[in-house]
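Structural description and commentary
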Amino acid sequence: MDPDAEIESTPQGWGSGSQGSCHYDTSEIEELSNDTQTVELETQLAYEANLRLYTEHVLDSRQQELEAQEHQMSSELDALKKELADTRRQLAEARSQSEVCNSQLQEAQEQIFRLQPRRVDITETEAREAYKTLCGNVQRWVENRLADALDDLEQGRLSTRTAPPQAARFVGLLREPSRRCLNIDQSDEYHVIGAIMNYLWLAIFSKSFYAPLDDSQAAGTLMWIDELENTMSQLPRGMFSFDKIVPRLIHSTLDVSHCREWRSETLNALTSQPIFKTRRKRHLNLLADDLLALLSIFTPRTPPAELRASIYQNIIEPAADLAHRLHLAPSIYSLKWPARTAPTRIEVYECLNLESGGLILDLAGTTKDSPSRRNVVYLFDVCPGLFVERVEMGKKIGQRAIVKPTVLVNKADGEVPRKPTLVKWLWDTAVPLAGAGRAPARTSAPKSKLVNPGHPSRL
């Protein structure tokens, strides 16, 4: 064999062998690559299949939970519907029971009021006439009983006489304007009238109720009524207001008219008891004895029994009868003395002219600068006025006078005449320490012609 030929054939063989080997490797690589992609796809498919199975499992579980919740909520809704139906039924029963109770309460109240005597409240006209009658009784009593004492004063017999101990109490009933006019000539009767009316105001009319309702010294029953009435007027009342289904509790307070009606009915029931009449009689006897002791100063020659009987029949009993009806009325009646501004507002009062013997001087509608007010001097108060505060529609209506307060004035030229008087003698005797600071002040008036209105006194 040729060596050259062998050399040439050898590279070719290696070369062809080498090319065959390379071609085989590439195919393998491609096959391996395809296998790898297949595995990856299978893996991804398996993952997606597992994920789908998991998602379906989760959704199935959530669906089961929702179905369970829906079932539970349906059960609860059925229970609420049943409870609502029960509540509506109970509400209907409550309304029915409330209507029955209200009906029974109304029937009971009507039965109670039917059993009680019908209350007849005093009217404003009746109150006016009764009060004027009382003032007239006091005026006539003083005019009839003071004559002997005035005669003693005129004859100078009082200068050697000492006033009794009760004189100090009597002068204590004189109001401040009266104390400044103690020595005004011809004023004794008006001073005594004013003192008696002040006594009646203090002992009877200014009280919450004029007579005792029990035997205690502290007037416990009357205090209880006053406090309970005040509490009732402020205490909220709970009332149901039915708004569709749910009731609402609203609050209100008893109005004034309900409280006054309750007070009137309570006092009417208490004063209808026989024991009250006994207490009232005993109380009025004590007042008559007390006023007798004060007024006997002016009637030393009148038998005490006769004087007491006249005081009881003409003053104490009429005052108590009037106070009884006033205090039982739903409207609020009261006696009020003139205000401190009386000297500048005498047009709102009933004025008695001292110069004309007590005739009424009509100054209504005038002012302090009016010609008819010239030379008119206010002296002192004689009688309180009667006022009423009506209660209507659950409210108090403004207070107004049905009888004006009475004051004594003097309309004349020159100064008001001054002379020794009974009350001045009592003051000097009963109050020995009264010096210049407590002496009556001199009251003067400018000169003017006397105007006589020509109206008789209605005191």
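Residue numbering note: each chain is counted from 1, following its sequence as written. Local features in this predicted model are restricted to residues whose pLDDT is 70 or higher, and side-chain atom pairs enter the listing and the counts only when it is 80 or higher, whereas totals over whole chains, interfaces and linings include all residues. No hydrogens and no water enter the side-chain calculation; it runs on all heavy atoms of the structure.

On to the packing of aromatic side chains. Between 30 and 60 degrees the pair is tilted, below 30 it is stacked and above 60 it is edge-to-face, where a pair is any two Phe, Tyr or Trp rings, Trp via its six-membered ring, whose centres lie within 6.5 Å. According to the stated counting rule, one finds four aromatic pairs in the structure shown. For the pair phenylalanine 209 and phenylalanine 276, a centre-to-centre distance of 6.1 Å together with 50° between the ring planes defines the contact as tilted. Here phenylalanine 276 lies in helix H9 (residues 274-295) and phenylalanine 209 lies in the loop between helix H6 (188-205) and helix H7 (220-234), a separation of 67 residues in the sequence. By the burial criterion, phenylalanine 209 is buried, and phenylalanine 276 matches it. Joined through ring pairs, the aromatic side chains of Phe209, Tyr210 and Phe276 make up one cluster. Numbering of helices and strands runs from the N terminus; a helix is a DSSP stretch of H or I covering at least four residues, while a strand is a stretch of E covering at least two. The buried label applies to any residue whose accessible area, calculated with a 1.4 Å probe on protein chains only, is under 20% of its type's maximum; exposed applies above 50%, and partly exposed to all values in between.

Multiply 1.5 Å by the residue count of a helix minus one, and that product is the helix's expected span. Taking 1.5 Å of rise per residue, 15 residues should cover 21 Å, and H7 covers 21 Å from first to last C-alpha, within 8% of that figure. When we look at burial in H7, the residues that qualify are Leu222, Ile225, Glu229 and Met232. Projected down its long axis, H7 shows its buried positions confined to an angular sector of 95°, all on one face. Looking at the buried residues of H7, the elements they touch are helix H8 (256-271). Taking the helix axis as origin, the arc is that swept by the directions to the C-beta atoms. Between two residues, a contact is recorded if the distance between any of their heavy atoms is within 4.5 Å.

Looking now at the side chain of serine 187. Tracing the sequence through the fold places serine 187 in the loop between helix H5 (176-179) and H6. Dropping the residues within four chain positions of it, serine 187 is found in contact with Cys181, Leu182, Phe380 and Thr421.

The subject of this paragraph is the packing of H6 against H9. To get an axis, a line is fitted to the C-alpha atoms, and for a helix only the part in contact is used. The angle between two axes follows their N-to-C directions and goes from 0 to 180 degrees. Where H6 contacts H9, the two axes come as close as 12 Å, and the packing angle between them is 155°. As judged from the angle between their axes, H6 and H9 are roughly antiparallel. Taken as a pair, H6 and H9 cross one another with a handedness that is right-handed. Taking contact as the criterion, the partners of Ile196, Tyr199, Ala203 and Ile204 in H6 are, on H9, Leu287, Asp290, Leu291, Leu294 and Leu295. An angle below 35 degrees is treated as roughly parallel, one above 145 as roughly antiparallel, one from 65 to 115 as roughly perpendicular, and anything else as oblique. In this scheme the handedness of a crossing depends on how the near helix is turned from the far one: anticlockwise by less than a right angle means left-handed, clockwise means right-handed.

With that settled, consider the pairing of strand S4 (residues 350-353). With burial as the criterion, each face of S4 is covered, one bearing Glu350 and Leu352 and the other bearing Cys351 and Asn353. As defined by bridge partners, S4 adjoins strand S11 (residues 406-411) across four bridges and the pair is classed as parallel. Note on S11: the bridge partner recorded for glutamate 350 is threonine 406. For two strands to be treated as a pair, DSSP must find no fewer than two bridges joining them. Bridge count for S4 against strand S5 (residues 359-361) is three bridges, and the pairing is antiparallel. Paired with asparagine 353 across the strands is leucine 359, a residue of S5. As consecutive antiparallel partners, S4 and S5 are separated by five residues, and within that stretch glycine 357 has a phi angle of approximately 80°, a positive value.

This next bit is on the confidence of the model for the chain. Caution applies to low-pLDDT regions: their predicted coordinates should not be interpreted in detail. A residue's pLDDT is the confidence the predictor assigns to it, expressed on a 0 to 100 scale. Across the chain, the average pLDDT comes to 82, with 81% of residues at or above 70. Here strand S2 (residues 246-253) stands out as the element of the chain with the lowest mean pLDDT, 44, in contrast to H6, whose mean of 97 is the highest. Throughout residues 1-24 the model reports pLDDT below 50, and contacts reaching past four residues in sequence, or to other chains, amount to two contacts. Across residues 238-253, where pLDDT falls below 50, the model places 31 contacts with residues more than four positions away in sequence or in other chains.

Here the focus is the packing of H6 against helix H10 (residues 304-328). Between H6 and H10, whose axes approach to 11 Å, the crossing angle comes to 45°. One way to sum up the angle between H6 and H10 is to call them oblique. You can see that H6 and H10 cross each other, and the crossing is right-handed. Note on element contacts: H10 touches H6 through Ile315, Ile316, Ala319, Ala320, Leu322, Ala323, Leu326 and His327, opposite Ile196, Leu200, Ile204 and Phe205. Following the grouping adopted for this structure description, the nonpolar residues are Ala, Val, Leu, Ile, Met, Phe, Trp, Tyr, Cys and Pro, the charged ones are Asp, Glu, Lys and Arg, and the polar ones are all others, Gly among them. Split into classes, the residues belonging to the contact of H6 with H10 amount to 11 nonpolar, one polar and no charged.

We now examine the sheet that holds S11. Strand order in the open sheet formed by four strands is S5-S4-S11-S6, with mixed pairing between adjacent strands. Looking at the sheet topology across the chains shown, the edges are occupied by S5 and strand S6 (376-383). Neighbour-to-neighbour, the strand axes of the sheet open up by a mean angle of 40°, direction not taken into account. Of the strands in this sheet, S4, S6 and S11 are in contact with H6, which crosses S6 at around 40°.

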